[in-house]
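Tertiary structure, described
Residues per chain, in single letters:
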Amino acid sequence: MIQAMDGRFQIGRIIGLLGFFFAIAMAEETEQLPDLVVEAVRDSVLPPDFAGSATVIHRSEIEQSGSRSVADLLVARGGVRITSSTGNLSGGEIHLRGFGENSASRVLVLVNGRPLNRADMAASSLLEIPISQLDRVEILRGAQTAKFGDNAVGGVINLVTKRAGAEAAGYLESAGGSDDAFLSRAGYSKRIDGNGLSLNLERNDTAGWRDHSASELDSASIRWDKDLTPSANLTAGFAWTDEYTEFPGPLGEEAYRNDPRQSIYEQSGYGDQYFSEETTRRFDGTLKLGGFGGADFEVPLAWTHRDLSWNFGPGSHTDNLMNTVTLVPQVSHRNGNWESAAGLSMRYDSLDLDQFAEISRQNRIGSAKLDRAIIGVFSSVDWKWADDWHLSTGARWEHSKVDAKAVNDRYPDDPELNFSQQSQEQNAAFQIGLRWDAREDVSAWLRYDRFYRLPSTDEIASYQGYPLSVPFNANLTAEKGHNLELGVEYSPGEWTWRLNGFAQWMQGEIAYDYLQNLNVNLADTRRYGIEASTGYHGRIWDADLRYTWLQAEYTDGEYAGKDVYLVPHHELSGTLSWQLHEKLRFQSEYQWVGSAYEGNDFSNTQEKLPGYQLVNALLNFTPRPGLSIYARINNVFDEHYATIKYSGQWYPGAGRQFLIGLRKDF
């Protein structure tokens, strides 16, 4: 176990580093730094004529954000809500379009267009992709199953990593702050004989705002790209992360009101039994071939290996090896105003799990092996029949199969703990979108989506030490539904105004029914709402404001007319930046989340999870080109709040925290 560093030593180191860089800043400049040259964006999944609502966070915003992680960035700049059971957002669940419980399975997260989502219900840690590696973030709201496949019910977030530009470039960054927070980052990129190389390193630690909520990360990544010929390109990347996370646990209401920092596990004397360790290795490569009479071929391949150790209390210790391989060969063709694409989509997931009675892992009490295979075909056609009209269509068909086997070494004859079964199903998705660019500054869109979402492996099967009433639920099928969007955007000069309405109908939404102790296709649901945003981007002032009103409700069964729990009706977020001086910039961030029914409250009869509002502040000082010193305060007014509440058990959010850092680009 990695131990948190001594706070006094950390602060001393930060002060020393600040003093060192301040001396550099004040020294007489002897050399003019070259401007950073960035090549055209690759790995984008956002179509140029997208018929829908999308947000893009660019590299300059990322580098000036002062954010500790991708999660912090999504909340501050993307208007995305994230809930966490530890108080650290990086291991939390991303929420888009009104999904409460298990939202991580309903928002597709991509890295350079490749899926990051796990096959089980757990959310992938956003620390796996250090923010220092990012060049761009794309957020597409609304169902996108026809284009991207499974998980893309609430929306898609694509994290595009950096590649080498035409000129050599590098950076060094270090920061520290409250709760023993410390991060250090370094990166360098250069083109050598036509080979683009990019290397990034990061260490990111915090003791956590709550007791026993530390998270620690080491990561390294390298990317390479080369133009083999004028019409052929090859890219490849490898990333490694090693992460440690502690679990503080929930609190009863009295404990939450009196001392939200406390950990029930730490107080019970079993804090050392509640933590996880994970090592992830991720490889991806893409071969692109063009020049075949207007046709282009692309073969993306990706492999992710996760080695996880979970410890969730005495007697609950699990080792899990997870592998995911994706291969998506495709061909696209352009002919005048027409563009078409078609391809195969193949994904294979394997999970090998061992359970132990003690943390030393001396006595195995059970094991499980699961395999999931998804194979499908997809196609799309885009037609720009006039300068101001654009029609896009897409379709996908997939066959999925899950094989699961579980063995309990203590009770090998118990049918509720031992099984070997399989399930399979076929699903189809369709999308049609129409975009009208009435003027250069006015556009409108209309889109229809037919979507689905496959059950996660641990929604189907009980294999992680938490028995369900049916150990393998072969009757659990994919959620299916329809999505409709209508929106308009007006961008006069430095202003942007956007209004988007949506409605989604889902059949057989999957939820855990605690009365049956089983994940089931509980009921049909309906979600509808309005998203409104405005932004001003000037030389001195920069502002964005986003508001969402949303209704999520069950439409049939025992809970017809009731709200879906953990889904607030209102969300408001905004950022305001002020260039006080050519070398000094101030930024404030605001987030308000309305109240919602607590987890498991299907009948809407229990006390609600209260709403909350947070204010963050950032000051960025740039004494000379290529050098910046920043100070960030999160939760300026020390708001007392929780992002999750289940059956009267609260999961507090973090109180006031600060971070001071510096960055040197060269």
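Here goes a summary of the coordinates provided. As the structure is a computational prediction, the values presented were derived from the model and not from experiment. (Residues numbered from 1 in each chain as written. Predicted model: local features only at pLDDT ≥ 70, side-chain atom pairs only at ≥ 80, totals over all residues. Heavy atoms only, no water.)

1. Quick look at the pairing of strand S16 (residues 330-335)
We apply this condition: At least two bridges found by DSSP between two strands is the condition for calling them paired. By definition, any uninterrupted DSSP run of H or I lasting at least four residues is a helix, any uninterrupted run of E lasting at least two residues is a strand, and each is numbered from the N terminus.
Relative to S16, strand S14 (residues 295-312) is paired through four bridges, and the arrangement is antiparallel. Bridged to Glu298 within S16 is Gln330. Here S16 runs beside strand S17 (residues 338-356); their pairing, made up of six bridges, is antiparallel. When the sheet's bridge partners are listed, Asn335 is paired in S17 with Trp338. Taking the residues that link successive antiparallel strands as the turn, the S16-S17 hairpin has two residues, and the phi of Gly336 there is positive, at about 65°.

2. Some points on a negative patch on the surface
Defined as follows: Patch definition: residues above 30% relative accessible area lacking any salt bridge, with like charges linked at up to 9 Å and the nonpolar side chains Val, Leu, Ile, Met, Phe, Trp and Tyr linked at up to 5 Å. All accessible-area figures derive from a Shrake-Rupley calculation using a 1.4 Å probe, and residue coverage is judged against the displayed protein chains alone. We define a salt bridge as a side-chain nitrogen of Lys or Arg found within 4 Å of a carboxyl oxygen belonging to Asp or Glu. In summary, the charge assignment counts Lys and Arg as positive and Asp and Glu as negative, without counting His or the chain termini. Lys charges are placed at NZ, Arg charges at CZ, Asp charges at CG and Glu charges at CD. For every residue, the accessible area (1.4 Å probe, protein chains only) is compared with the maximum for its type, and the residue is labelled buried under 20%, exposed over 50%, or partly exposed between those bounds.
There is a patch of like negative charges on the surface, built from Asp211, Asp259, Glu266 and Asp272. Here Glu266 is to be found in helix H6 (residues 264-267). A relative accessible area of 43% means that Glu266 is categorised as partly exposed.

3. Observations concerning a nonpolar patch on the surface
A cluster of nonpolar side chains, namely Leu199, Leu201, Ile222, Phe238, Trp240, Phe283, Leu301, Trp303, Val325 and Tyr348, defines an oily patch on the protein surface of about 810 Å² accessible area. Secondary structure elements with two or more residues in the nonpolar patch: strand S10 (195-206), strand S12 (232-246) and S14. Mapped onto the secondary structure, Leu301 falls in strand S14. Classification of Leu301 by relative accessible area gives partly exposed; the value is 36%.

4. A short note on the environment of Ser67
Quick reminder of the rule: It only takes one pair of heavy atoms within 4.5 Å for two residues to be counted as in contact.
Relative to the elements of secondary structure, Ser67 occurs in the loop between helix H2 (59-64) and helix H3 (70-78). Taking the C-alpha atoms as reference points, Ser67 and Arg632, 565 residues apart in sequence, are found 8.2 Å from one another. Once residues within four sequence positions are removed from consideration, Ser67 is found in contact with Asp72, Leu73, Ile131, Arg185 and Arg632.

5. As for the pattern of salt bridges
When charged atoms on two side chains of opposite charge get close, those side chains can pair. Across all of its chains, the model carries 47 salt bridges by this definition. Of the charged contacts in the structure, one is a salt bridge between Glu128 and Arg306, with a shortest N-O distance of 3.1 Å. Of this pair, Glu128 sits in the loop between strand S5 (114-115) and strand S6 (134-141) while Arg306 sits in strand S14; the two residues are 178 residues apart in sequence, bridging distant segments of the chain. The pair Glu128 / Arg306 is uniform in exposure class, with both members buried.

6. A short note on the packing of aromatic side chains
What counts here: Aromatic pairing here means that ring centres of Phe, Tyr or Trp (its six-membered ring) are within 6.5 Å. Orientation follows from the plane angle: under 30 degrees is stacked, over 60 is edge-to-face, and everything else is tilted. Charge-over-ring placement is defined geometrically: NZ (Lys) or CZ (Arg) within 6 Å of the ring centre, and within 35 degrees of the ring normal.
Tallying each qualifying case throughout the model produces 25 aromatic pairs. A ring pair is formed by Tyr265 and Tyr274, whose centres lie 3.5 Å apart and whose planes are at 0°; its orientation type is stacked. Under the relative-accessibility criterion, Tyr265 is labelled buried at 12%. For Tyr274, a relative accessible area of 12% translates into the label buried. Here the aromatic rings of Tyr565 and Phe602 are separated by 5.1 Å at their centres, their planes lie at 75°, and the arrangement is edge-to-face. Residue Tyr565 is located in the loop between strand S25 (541-554) and strand S26 (570-581), and its partner Phe602 is located in the loop between strand S27 (584-593) and strand S28 (612-624); the two are separated by 37 residues in the primary sequence. Of the residues examined, Tyr565 reaches a relative accessible area of 3% and is grouped as buried. Taking the ring centre of Phe502 as reference, the NZ or CZ of Arg97 above it sits at 3.9 Å. Above the face of the Tyr171 ring, Arg663 is positioned so that its terminal group lies 4.5 Å from the ring centre.

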